[in-house]
Amino acid sequence: MKLLRMILLAAAMCVAVGCEEQFKFDEDTLAQTIWKGHYERYNALGDSAMEWYDFTVQFTTESTGKYIDSESQVSYFEYNVEDRLLTIEGVGTGVLVIDFKGSWIVHSSSNELLELVRYQPNKELVTLTREY
């Protein structure tokens, strides 16, 4: 009876681990996705947000994207992913309205949520929630 329980438990664990989809942060997982964004810039102590706003970002291809601010103004950018570093560069028409340009460390990532952080010199945080 104990052996049967052990076998059933092992089988259940194998099924659970096998079904879990691992999120890999790279250009392929970002391409052709749309995210709602929230930006925050903190004070020098890092304990209070001094500035914040919402936006939408679309990663169109493996290297290009589009930023849409809360007033529906569109800016285009190029991006690159290297390990857990996301680098954004503005290109073409439209200027990136927020300080989205630059290098961001991926603090956490999943299929539905990305948290990006950097210090310039104060802490800045971008939270992206997947729409499509």
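Everything that follows concerns the structure shown earlier in this document.
Residues numbered from 1 in each chain as written. Predicted model: local features only at pLDDT ≥ 70, side-chain atom pairs only at ≥ 80, totals over all residues. Heavy atoms only, no water.

## Side note on the pairing of strand 4 (residues 74–82)
Then comes step 1: Across the two faces of strand 4 the burial differs, with Ser75, Phe77, Tyr79 and Val81 buried and Val74, Tyr76, Glu78, Asn80 and Glu82 not buried at all.
Then comes step 2: As judged from the five bridges shared by strand 3 (residues 64–69) and strand 4, these two strands associate in the antiparallel manner. Opposite Gly65, over in strand 4, you have Phe77 as the bridge partner.
Then comes step 3: From the end of strand 3 to the start of strand 4, which pair antiparallel, there are four residues, and Ser72 there has a positive phi angle of about 65°.
Then comes step 4: Across seven bridges, strand 4 lies against strand 5 (residues 85–91) in antiparallel orientation. Residue pairing for strand 5: Phe77 is matched across the bridge by Gly90.
Then comes step 5: Between strand 4 and strand 5, which pair antiparallel and follow one another directly, the connecting turn spans two residues, one of which, Asp83, has a positive phi of 55°. (Buried < 20%, exposed > 50% of the residue type's maximum accessible area, 1.4 Å probe, protein only. Helix = DSSP H or I, 4+ residues; strand = E, 2+ residues; numbered from the N terminus. Pairing = 2+ DSSP bridges.)

## Focus: the sheet that holds strand 2 (residues 49–59)
Then comes step 1: Read once around its circumference, the closed barrel built from eight strands follows the order 1-2-3-4-5-6-7-8, with strand pairing classed as antiparallel. Going across the sheet, the axis of each strand differs from the next one's by a mean of 35°, ignoring polarity.
Then comes step 2: Bridging between strand 2 and strand 3 involves five bridges; their strand directions are antiparallel. Residue pairing for strand 3: Phe55 is matched across the bridge by Asp69. (Axes fitted to C-alpha atoms, helices over the stretch in contact; angles between N-to-C directions.)

## Some words on unusual backbone geometry
Then comes step 1: Pro121 follows Gln120 through a cis peptide bond whose omega is -15°.
Then comes step 2: You will see that Ser72, though not glycine, has its phi angle at about 65°, which is positive.
Then comes step 3: Checked against the element boundaries, Ser72 lands in the loop between strand 3 and strand 4.

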